[in-house]
Amino acid sequence: MATSEVKTVKRIDGYVLKDKLHKFVFGYLFYSLVIGLGFAIIYPLIKLLPVVFNNLEDLGNPDVIWVPIKYSTVSFQAAIRLVFGNFVPMLQSLGYSVIIAIIQIFVCAIAGYSLGRVEFWGRNLLTFLVILSFVVPPQSLLISQYLSFKHFDIFGIISAMHGSTIDLINQPYTLYLIAFFGFGVKQSMFIFVFRQFFKGLPKELEEAAFIDGCGFYKTYFRVALPNAVPAIMTVAILAFVWNYGDTYYTGYFHPDGPYLSNKLMTTFSEANVQNILYAIKTWYAVPGATTFSFDAVKQAAAIIYLLPLLLIYFLVQKRIVENFEQSGIVG
Amino acid sequence: MEGTAVKTKKLRVSHQNMRKIHGLIFMLPWLIGFILFFIKPLVNTIKYSFHEVGVADNGGMTLKYVGLQNFTNLFRAEVSSQSQTFARVFTDENIDIFMNTPVIVIFSLFCAILVNVKFKGRGLARVIFFLPIVLGLKVVVDLIMITSGGDVADAAVSSQFDTSGLINFLLNYTFLPLNVTLFISDLASNIFMLISQTGVQTLIFLAGLQSINRSLYEVARIEGANSYEVFWKITLPLLSNISLFALIYTFVDMFLQSSISTEIYYFAFNKNNIGVGSALSVVYLFNVLIDLVLLLFIMSKVVKLNHGDK
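Everything numeric in this text was worked out from a predicted model, so none of it was measured. (Residues numbered from 1 in each chain as written. Chains lettered and ligands numbered in written order. Predicted model: local features only at pLDDT ≥ 70, side-chain atom pairs only at ≥ 80, totals over all residues. Heavy atoms only, no water.)

## Let's talk about the overall build of chain A
Here comes step 1: Counting secondary structure elements, chain A contains 15 helices and zero strands.
Here comes step 2: The 331 residues of chain A split such that 53% are buried. (Helix = DSSP H or I, 4+ residues; strand = E, 2+ residues; numbered from the N terminus. Buried < 20%, exposed > 50% of the residue type's maximum accessible area, 1.4 Å probe, protein only.)

## Quick look at the pattern of salt bridges
Here comes step 1: Counted according to the given criterion, the structure contains four salt bridges over all chains.
Here comes step 2: Where K186 of chain A meets D253 of chain B, a salt bridge forms, and the shortest distance between an N and an O atom there is 2.9 Å. Of this pair, K186 of chain A sits in the loop between α7 (172-180) and α8 (187-200) while D253 of chain B sits in helix α13 (residues 240-257), placing the two residues on different chains.
Here comes step 3: What makes K186 of chain A buried here is its relative accessible area of 17%.
Here comes step 4: Members of the salt-bridge network, linked through shared partners, are R117 and E206 of chain A together with R19 of chain B. (Salt bridge = Lys/Arg side-chain N within 4 Å of Asp/Glu carboxyl O.)

## As for the UniProt feature "transmembrane region" (unreviewed entry) in chain B
Here comes step 1: Mapped onto the present numbering, the UniProt feature "transmembrane region" (unreviewed entry) falls on residues 21-39, 97-115, 127-146, 191-210, 230-252 and 273-299 of chain B.
Here comes step 2: Helix and strand shares over residues 21-39 of chain B are 100% and 0% respectively, and the end C-alpha atoms of the span are 23 Å apart. (UniProt positions renumbered as here; feature names shortened; annotations may be inferred.)

## A closer look at the nonpolar core
Here comes step 1: Formed by 185 residues in total, the largest nonpolar core has its most connected members in F84, F198, W242, F253, F268 and I280 of chain A together with W30 of chain B.
Here comes step 2: Looking at this core, the element that brings in the most residues is helix α15 (residues 291-326) of chain A, giving 15 residues.
Here comes step 3: Taken together, domain 1 (3-52) and domain 2 (87-128 + 179-267) of chain A each give at least three residues to this core, which thus spans both.
Here comes step 4: Leave out the neighbours within four places in its chain, and I280 of chain A touches L56, A78, A285, V286 and V297 of chain A. (Core = buried A, V, L, I, M, F, W, Y, C linked by side-chain atoms within 4.5 Å. Domains from an automatic or database assignment. Contact = heavy atoms within 4.5 Å.)

## Looking at a nonpolar patch on the surface
Here comes step 1: A grouping of F106, W121, F180, Y217 and F221 of chain A together with M18, I21 and I25 of chain B is seen on the molecular surface, where their side chains present a nonpolar patch of about 730 Å² in accessible area.
Here comes step 2: Elements supplying a minimum of two residues to the nonpolar patch: α10 (216-227) of chain A together with α1 (2-49) of chain B.
Here comes step 3: The dominant element in the nonpolar patch, judged by the number of residues it contributes, is α1 of chain B, at three residues.
Here comes step 4: Secondary-structure assignment places F106 of chain A in helix α3 (residues 88-117). (Patch = residues over 30% accessible without salt bridge, like charges linked within 9 Å, V, L, I, M, F, W, Y side chains within 5 Å. Areas by Shrake-Rupley, 256 points an atom, 1.4 Å probe, with all protein chains shown as cover.)

## Observations concerning the UniProt feature "transmembrane region" (unreviewed entry) in chain A
Residues and elements named next belong to chain A.
Here comes step 1: As annotated by UniProt and renumbered to match this structure, "transmembrane region" (unreviewed entry) occupies residues 25-46, 94-113, 125-147, 173-194, 228-245 and 296-316.
Here comes step 2: Across residues 125-147 one finds 74% helix and 0% strand; the C-alpha atoms that close the span lie 29 Å apart.
Here comes step 3: Annotated as 73% helix and 0% strand, the span residues 173-194 places its first and last C-alpha atoms 25 Å apart.

## Focus: the environment of F129 of chain B
Here comes step 1: Turning to its location among the elements, F129 of chain B is positioned in helix α4 (residues 122-129).
Here comes step 2: Distance in space between the C-alpha atoms of F129 of chain B and S108 of chain B is 9.3 Å, their sequence separation being 21 residues.
Here comes step 3: For F129 of chain B, the residues in contact, after removing those within four places along its chain, are V34, L37, G38 and I41 of chain A together with C111 and V115 of chain B.

## Quick look at the packing of helix α2 (residues 74-84) of chain A against helix α14 (residues 273-284) of chain A
Residues and elements named next belong to chain A.
Here comes step 1: Across the interface, α2 lies against α14 with an axial gap of 11 Å and an inter-helix angle of 115 degrees. In this structure, the crossing between α2 and α14 has a hand that is right-handed. Judged by residue contacts, V74, Q77, A78, R81 and L82 of α2 engage I276, I280, W283 and Y284 from α14.
Here comes step 2: Residue classes in the contact of α2 with α14 are distributed as seven nonpolar, one polar and one charged. (Axes fitted to C-alpha atoms, helices over the stretch in contact; angles between N-to-C directions. Left-handed = near helix turned anticlockwise from the far one by under 90°. Nonpolar A, V, L, I, M, F, W, Y, C, P; charged D, E, K, R; others polar.)

## With respect to the interface of chain A and chain B
Here comes step 1: Between chain A and chain B, the residue contacts involve 100 residues of the former and 95 residues of the latter.
Here comes step 2: With both sides pooled, the region where chain A packs onto chain B buries about 9,400 Å², and carbon together with sulfur makes up 80% of that total.
Here comes step 3: On the surface where chain A and chain B come into contact, there are two salt bridges.
Here comes step 4: Its salt-bridge partner being E206 of chain A, residue R19 of chain B comes within 3.5 Å of it at the nearest N-O pair.
Here comes step 5: Between chain A and chain B we count 12 residue pairs in polar contact (both at pLDDT 80 or more) in total.
Here comes step 6: Element by element, the count of residues in the side of chain A that touches chain B is highest for α15 of chain A, at 18 residues. (Buried area = accessible area lost by both parts, 1.4 Å probe. Polar contact = N/O pair within 3.5 Å; in protein donor to acceptor, adjacent residues only side chain to side chain.)

As structure tokens, then:
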């Protein structure tokens, strides 16, 4: 009797032990994978920190890699002086991204609603065209878009009214115009997101609104749009981030604008290395500045540029996933 | 009685037609944009590609038909950055994109599966795994990467790992052929570039994973399937629509960032040869479309897509 009892206890122990070992090994593997991948993602950011806080003369010194001997904020000062100035350009580009994002949401939401909900003539064809315009890269149309903006005309109407064609290149409203007519940064994808979302929305809501006497527009603004918050949030975040980082539309259609992304690209282009080094040497009395100092200043600028994005990202990141999940891109 | 019935019927039809008209009004901005910013430039680009474009005396443009000459010039021309012929850059880019797209998609699927599991610190892991949405912007990537080479490049942020150790390890301890080894080490050295592209795709996949019905997993468990079988029999088939979307998204994104697109501007405005630039645009456009069709064809062979009422 006693021996058999011992045996069962032992067997259970073995089972528990195996289970524990199993869990431990898998947990260990899992955590090492997650931590490793996470590390690989933020490694560039980690590597930036010692560089941008380093004394400019110590950069390139093989003795100083992770912990600077002397801390200095010269790279930040130089970056601010070179690009950011009194931070008005940053506010301007943030404002620009917000306005463009709002325009994009408005246009894409109505187009998506129409595609997802209204059975008008040629709807499937239009859906196909939206997908086609998502797939075709805008760069391939750059030349003739540029030329047609240079001599802008809508079927001869403007030249009849105005006397001549108008030059839309380098006008601030060109970008708003492009966004309003649905061809801003990845706007076809946003239309598709809204279409998918509105397709999944229960029909009963609109029917109820119709019975209560709402017209088409009232139904849309009072019923459909307030229920589309997840899709709107998703599109808003992506549109804001992509417009803030956009160099294509801002660079080609409004090159003199105050957009930070564009300014950073031109300031820190390779042709400008010597000028910037000269500026750093004279401003901050660092005669030993090398191309490493240029990189340090460039990366400090990148960090300042990223700050508002990271701030917004950390504020909304909890909601990104749930919104994206509900936003219907899944279906 | 009869009259009112007819009247209501008439009203109903007109209501539905009104709805269609309203729907078209909602599509109107996009339709105008489509004609102005898509069809018109597309037609013009194709037109320019067969013409020599010059500046007329009155400031307008003159077009001279030259047939296919622009295209033949294009493939002989040298590109801006390196002294390589265009044909070489073109094939390199295509091979790169076809290699990298599946890697990015599979990698982001992997990331999504990892952050979908419940574990301690998942919130933090999600924050980090979605960082590439912000960090992957082209401006940011360009700014973070170092420009100065040299033998002390390790002192600054480098996009490259030291891969010789990895190559040696793979050659000595595995029986993989040399080509595969070089491919793997290439991937490893480009890991930061690849990761920086994964943000949105991870998000798409995570959303897809969370939309899978929990009870399916329960049923599979009760039937005695292990995690491996659950992944291949449930997770992957239900994600096929999403993976198609993620694949197309990645593909388009990769083409947007390929160096071909910057060449267009270089040819047209720096070299003042709009004809060749347009020819390049046309080649680029057809390249994207043909590759995409090829991709869809391969996908339809590999996975069965759920053609529901999606």
